[in-house]
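Spelled out from the first residue to the last, the chains are:
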Amino acid sequence: MTASTTRRTTAARSRIAAVGAIAVAGALILTGCGDQTKKNDGGGSKTNSAPLFSALPKKIQDAGVIKVGTDAAYAPMEFTEGGKIVGVDPDIAEALGKQLGVKFEFTAGAFDGLITSIYTGRQDAIMSSVTDNEKRQKGLDDSGKQIGKGIDFVDYFSSGVSLLVKKGNPQGIKSLDDLCGKTVAVQRGTIYEDTFKAQATKCGDKKLTIEAFDTDAEAQTRVKAGGAVADLNDFPVAAYIAKTSGGGNDFEVGGAQSDVGLFGIGVSKENTQLRDALKQALDAIIKDGSYAKVLEKWNVKDSAVTAATVNAGK
């Protein structure tokens, strides 16, 4: 989710919530290469021939897995299908796993608790269409108050944000300025909510009413029912929802994509070895073409990055 007035910073980017995909809190899904056991083929670098296995922290080498938190309700980026977490992010993680020689073990939970799961050590990483921005890097809340140590990001995807409106766009919503005096729906704790709050300030006396929900699916339902005129999502997500929900008859994208920003894999600032290993692995899959194949599979080629970066979000 994005917006100079929308995404993650003043324009930070947020995550994506998918049509009909409901986050399964606590559900554990394994994605990775090969069989999905937790056995590490004997453990240790002596028995693992993956190109970048030795770059990983010993703790992860021994475990054979990278524990990843996600909000699996953001198709096509991450969503549940047949009891499994699928989408762009899990497929990229699988490709990374082949370079690193470990599996990526995804656990679904609420988006606004993902960064906390890094602070507590419950997860090694988060991968959930999380916009890389300075606020998250520094551990600041919306008011600029310090609430944590912050996290580092390995940036792997580029996306702008788009408004999702009811099919036919009965209110003629084409930009954020068209929302003044109206009601919008959004997923709580996302960049999109920040964007709407910034727009509400801009609207002044012509009040913009914001209704925040635990999941984006709930926000979509509100728009579909006519209780809100728009939801906000990253462009790939908004386009996917418009194409698939109700056979393409529920929603459409209102106006042009704006405020392009970066999604990052989030890791603890204290775990620089894992961060750097992920960066190396991302560069490797960009170079060997497996990254491009994932994006082509999900029809999001325009969101490709040409090289891995760290904390490049603003």
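Strand pairing in a sheet takes place through backbone hydrogen bonds and is either antiparallel or parallel in direction. Pairing is antiparallel across the open sheet formed by three strands, whose spatial order is S3-S4-S5. Sheet topology places strand S3 (73-74) and strand S5 (84-86) at the edges, where each strand pairs with a single neighbour. In terms of strand pairing, S3 meets strand S4 (residues 78-81) through two bridges, oriented antiparallel. Of the residues in S4, the one forming a bridge with tyrosine 74 is glutamate 78.

Among the structural elements, aspartate 155 can be located in strand S8 (residues 151-166). Looking at aspartate 155, its side chain comes within polar contact range of the main-chain nitrogen of alanine 312, at 2.9 Å.

This paragraph deals with the pattern of salt bridges. Pairs can form between side chains of opposite charge whenever their charged atoms are close. The tally for this structure, following the rule as stated, stands at 14 salt bridges. For aspartate 177, the salt bridge is made with lysine 202, and the minimal N-O distance between the two is 3.1 Å. Here aspartate 177 is found in the loop between S8 and strand S9 (183-187), whereas its partner lysine 202 is found in helix H5 (residues 191-203), with 25 residues between them in sequence. Given a relative accessible area of 43%, aspartate 177 falls into the partly exposed group. Classification of lysine 202 as exposed rests on a relative accessible area of 55%. Three or more residues are tied together by salt bridges with common partners; here these are Asp152, Lys269, Arg275 and Asp276.

Looking at the largest pocket, its volume works out to about 450 Å³. Together, 20 residues line the largest pocket, and Asp112, Ile115, Arg136, Ile147 and Gly189 are the ones closest to its centre. At the level of secondary structure, the elements contributing two or more residues to the lining of the largest pocket comprise helix H3 (114-119), helix H4 (134-138) and H5. Broken down by element, the lining of the largest pocket gets its largest block of residues, four residues, from H3. Of the residues contributing to the lining of the largest pocket, the split by class is eight nonpolar, four polar and eight charged.

Per the stated rule, a full pass over the model turns up five aromatic pairs. Summarising the aromatic geometry, the rings of phenylalanine 79 and tyrosine 240 are spaced 6.1 Å apart at their centres and angled 45° between planes, so their arrangement reads as tilted. Note that phenylalanine 79 is positioned in strand S4 and tyrosine 240 in helix H7 (residues 235-244), a separation of 161 residues in sequence. Under the relative-accessibility criterion, phenylalanine 79 is labelled buried at 6%. Through a chain of ring-to-ring contacts, the aromatic side chains of Phe79, Tyr240 and Trp298 assemble into a single cluster.

Residues Asp216, Ala217, Ala219, Gln220 and Val223 constitute the buried set of helix H6 (residues 216-225). Projected down its long axis, H6 shows its buried positions confined to an angular sector of 155°, all on one face. More than 90 degrees from the buried face of H6, the exposed residues found are Thr221 and Ala225. Turning to H6, the residues buried within the fold contact S8, S9, strand S10 (209-213), strand S11 (231-234), H7 and strand S12 (251-268). Glycine 226 occupies a position one or two residues after H6 and carries a positive phi of about 90°.

Right, let's talk about the packing of helix H2 (residues 88-100) against helix H9 (residues 290-297) for a bit. Taken N-terminus to C-terminus, the directions of H2 and H9 make an angle of 160°; their axes are 10 Å apart at the nearest point. With respect to each other, H2 and H9 are oriented roughly antiparallel. As H2 packs across H9, the resulting crossing turns out to be right-handed. Residues Val88, Asp91, Ile92 and Ala95 of H2 touch H9, and the partners they reach there are Ser290, Tyr291, Val294, Leu295 and Lys297. Split into classes, the residues belonging to the contact of H2 with H9 amount to six nonpolar, one polar and two charged.

This part is about the confidence of the model for the chain. Detailed reading of predicted coordinates is not advised where the pLDDT is low. Per-residue confidence for the chain averages 87 on the pLDDT scale, and 85% of its residues sit at or above 70. Contacts of residues 1-45 to residues separated by more than four positions or lying in other chains number 224 contacts, the stretch itself having pLDDT below 50.

Within the secondary structure, alanine 256 sits in strand S12. Taking the relative accessible area as the measure of exposure, alanine 256 reaches 63% and is therefore exposed. Note: C-alpha distance between alanine 256 and valine 161 (95 residues apart in sequence) is 8.6 Å.

Cut-off values and rules
- Residues numbered from 1 in each chain as written.
- Predicted model: local features only at pLDDT ≥ 70, side-chain atom pairs only at ≥ 80, totals over all residues.
- Heavy atoms only, no water.
- Pairing = 2+ DSSP bridges.
- Helix = DSSP H or I, 4+ residues; strand = E, 2+ residues; numbered from the N terminus.
- Polar contact = N/O pair within 3.5 Å; in protein donor to acceptor, adjacent residues only side chain to side chain.
- Salt bridge = Lys/Arg side-chain N within 4 Å of Asp/Glu carboxyl O.
- Buried < 20%, exposed > 50% of the residue type's maximum accessible area, 1.4 Å probe, protein only.
- 1 Å grid on protein atoms, 1.4 Å probe; cavity = no way out; pocket = protein on both sides within 12 Å on 5 of 7 lines; lining within 4 Å.
- Points joined across faces, edges and corners; volume = space filled by probe spheres on them.
- Nonpolar A, V, L, I, M, F, W, Y, C, P; charged D, E, K, R; others polar.
- Phe/Tyr/Trp six-rings, centres within 6.5 Å; stacked < 30°, edge-to-face > 60°.
- Arc of directions from axis to C-beta.
- Contact = heavy atoms within 4.5 Å.
- Axes fitted to C-alpha atoms, helices over the stretch in contact; angles between N-to-C directions.
- Parallel < 35°, antiparallel > 145°, perpendicular 65-115°, else oblique.
- Left-handed = near helix turned anticlockwise from the far one by under 90°.
- pLDDT = per-residue confidence, 0-100.

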